[in-house]
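Observations on chain architecture
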Amino acid sequence: MLGFAEGMFLVLSVTEFILGLLGNGFIGLVNGSSWFKNKRISLSDFIITNLALSRIVLLWILFTDGFLVVFSSKAHDSGIVMQILDIFWTFTNHLNIWLATCLAVLYCLKIASFSHSMFLWLKWRVSKVVVWMLLGALFLSCGNTMSLFNEFKIYSVFKGIDGTGNISEHFRKKRNEYYLTHVLGTLWNLPPLIVSLASYLLLLLSLGRHTRQMQQNGTSSRDPSTEAHKRAIKIILSFFFLFLFYFLAFLIASSSHFLPNTKAATMIGEIITMFYPAGHSFILILGNKNLKQTFVEMLRCESGHLKPGSKGRFSLW
């Protein structure tokens, strides 16, 4: 018999899981069909599509993990099951974060305008910079996942000592070593957070300067360049704050073994964690003209206000 907490956890996790699949599935379907039809895809749409696909995988991992927490906590805490979930979670999570960071850098270099030589050098080579970032993201995700095996090794020794009930100096040493390894593993998420923050600040500075120039020239503040700035800032800012929220939840969920009520901490952490890949997909849809217009046309078609097959003009910015 499930308790109130477990029941609420299942309702919330299923809701977030379904919404996340719908939002990210819509992104993948629209961009994928456009890619198949036109035989080409822009770099931004390529990143967004892969971001949506990685989030679908991440949602499945989180949902499976939550299902095991409620219905089979022993299997969830057993060595092999926990290790398999951690490996897939770590790789997909880190890749997901870096893909969103690459998107933030792409928006920043395409839209922001500065006269600094380093920024201009990056702006002129924006495609190569982002492609190398994508390759680096894949490499770093693999490296972060490989670092788990050392943590698993220490954890197995740590649990073996704990099972004997003998609290010795060796036990304390292994416990502190495991804590340190776990904390260092979470630091892999700091570089993309810093890069995203830098992109957001650069866009804000560029928007402020651009707005002042528009006011001095008497030009409307709703020109295409200003609107592009604002759209990119909304997407990056939403990612930044959702990622901060997600990072704290990830710490709670991944550190649940260190907390007094392990099961409750895991459930709370995973509910908050699932909100990030589910919620940010709809922000991406609303912030991208192509996706937003397709979504609106789909709703109109469903309500009978638009004939199926009608097309609009799509533009990234």
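Residues numbered from 1 in each chain as written. Predicted model: local features only at pLDDT ≥ 70, side-chain atom pairs only at ≥ 80, totals over all residues. Heavy atoms only, no water.

1. Concerning the overall build of the protein
The condition is simple: The way it works is that DSSP assigns letters per residue, a run of H or I at least four long becomes a helix, a run of E at least two long becomes a strand, and they are numbered from the N terminus. Relative accessibility thresholds used throughout: buried, under 20% of the residue-type maximum; exposed, over 50%; partly exposed, between the two (1.4 Å probe, protein chains only). All accessibility values rest on the Shrake-Rupley procedure with a 1.4 Å probe; residue burial counts only the protein chains present in the view.
Across its full length, the protein carries 11 helices and 0 strands. Relative to its 317 residues, the protein shows a buried fraction of 44%. When the accessible surface of the protein is split by element, carbon and sulfur atoms take 69% of a total near 17,000 Å².

2. Concerning the environment of L205
Topologically, L205 is positioned in helix α8 (residues 190-217). Considering only alpha carbons, one finds L205 and F114, 91 residues apart in sequence, at a separation of 9.3 Å.

3. Some remarks on the nonpolar core
Stated formally: Definition of nonpolar core: a set of buried residues of the types Ala, Val, Leu, Ile, Met, Phe, Trp, Tyr and Cys, connected through side-chain atoms within 4.5 Å.
I47, V130 and L203 are the most contacted members of the largest nonpolar core, which totals 58 residues. When residues of this core are traced back to their parent elements, those giving at least two are α1 (4-38), α2 (43-71), α4 (79-111), α6 (126-164), α8, α9 (224-254) and α10 (262-287). Element by element, the count of residues in this core is highest for α4, at 16 residues.

4. Overview of the UniProt feature "transmembrane region" (unreviewed entry) in the protein
Note the following rule: UniProt positions are given in the numbering used here, feature names are shortened, and annotations may be inferred rather than shown by experiment.
Residues annotated by UniProt as "transmembrane region" (unreviewed entry) correspond here to residues 6-30, 97-122, 129-149, 187-207, 232-252 and 264-286. Within the segment residues 97-122, helix and strand shares are 81% and 0% respectively, and the terminal C-alpha atoms sit 21 Å apart. Here residues 129-149 is 100% helix and 0% strand, with 31 Å between the C-alpha atoms at its ends.

5. Notes on the packing of aromatic side chains
To be explicit about the condition: Stacked, edge-to-face and tilted are the three classes for Phe, Tyr and Trp ring pairs, Trp counted by its six-membered ring, which pair at centre distances within 6.5 Å; planes under 30 degrees apart are stacked, over 60 edge-to-face, the rest tilted. Any Lys NZ or Arg CZ found within 6 Å of a ring centre and within 35 degrees of that ring's normal is scored as a charge over the ring.
Considering all chains together, one arrives at 5 aromatic pairs under this definition. Between W35 and F46, the ring centres sit 5.9 Å apart and the planes meet at 80 degrees, which makes this aromatic pair edge-to-face. With a gap of 11 residues between them, W35 in helix α1 and F46 in helix α2 connect regions that are remote in the sequence. By relative accessible area, which is 37% here, W35 ends up partly exposed. Ring plane angle 80 degrees and centroid distance 5.2 Å describe the contact between F114 and F119, whose orientation is recorded as edge-to-face. For F114, a relative accessible area of 18% corresponds to the buried category. You can call F119 buried: its relative accessible area is 8%. Taken together through their ring pairs, the aromatic side chains of F17, W60 and F63 make up a single cluster. Over the aromatic face of F36 sits the side chain of K39, whose NZ or CZ is 4.6 Å from the ring centroid.

6. A closer look at a nonpolar patch on the surface
This is how the line gets drawn: The residues that make up patches have over 30% relative accessible area and no salt bridge, and they are joined within 9 Å when like-charged or within 5 Å when they are Val, Leu, Ile, Met, Phe, Trp or Tyr. Only one rule defines a salt bridge in this text: a Lys or Arg side-chain nitrogen within 4 Å of an Asp or Glu carboxyl oxygen.
Taken together, the side chains of V14, I18, L19 and L22 present a nonpolar region at the surface, about 340 Å² in accessible area. Relative to the elements of secondary structure, L22 occurs in helix α1. You can call L22 exposed: its relative accessible area is 55%.

7. A look at unusual backbone geometry
The residue K39 is not glycine, and still its phi comes out positive at about 65 degrees. Its place among the elements puts K39 in the loop between α1 and α2.

8. Structural notes on the confidence of the model for the protein
Let me state the cut-off plainly: Confidence of the predictor at the level of single residues is captured by pLDDT, which takes values from 0 to 100. Whether two residues are in contact is decided by their heavy atoms: any pair within 4.5 Å suffices.
Here the protein averages 78 in pLDDT, while 74% of its residues score no lower than 70. For residues 306-317, every residue scores under 50 in pLDDT, and the model assigns this stretch 24 contacts once sequence neighbours within four places are set aside.

9. Re the environment of I97
Looking at the secondary structure, you find I97 in helix α4. A relative accessible area of 0% places I97 in the buried class. In this structure the C-alpha to C-alpha distance between I97 and P277, which are 180 residues apart in sequence, comes to 9.9 Å. Residues contacting I97, with those up to four places away along its chain left out, are N189, P192, F239, F243 and Y246.

10. Re the packing of α1 against α2
What counts is decided by this rule: Axis lines are fitted to C-alpha atoms, over the contacting stretch for helices. Their N-to-C directions set the angle, which ranges from 0 to 180 degrees. For classification, angles of less than 35 degrees are called roughly parallel, those exceeding 145 degrees roughly antiparallel, those between 65 and 115 degrees roughly perpendicular, and all remaining angles oblique. Left-handed describes a crossing whose near helix is turned anticlockwise from the far helix through less than a right angle; right-handed describes the clockwise counterpart. Residue classes follow a fixed rule: Ala, Val, Leu, Ile, Met, Phe, Trp, Tyr, Cys and Pro count as nonpolar, while Asp, Glu, Lys and Arg count as charged, and any other residue, Gly among them, counts as polar.
Interaxial distance between α1 and α2 falls to 9 Å at its minimum, and their mutual angle equals 160 degrees. Regarding the angle of α1 to α2, the classification is roughly antiparallel. Classified by chirality, the crossing of α2 by α1 is left-handed. In terms of residue class, the contact of α1 with α2 is made up of 16 nonpolar, 8 polar and 4 charged.

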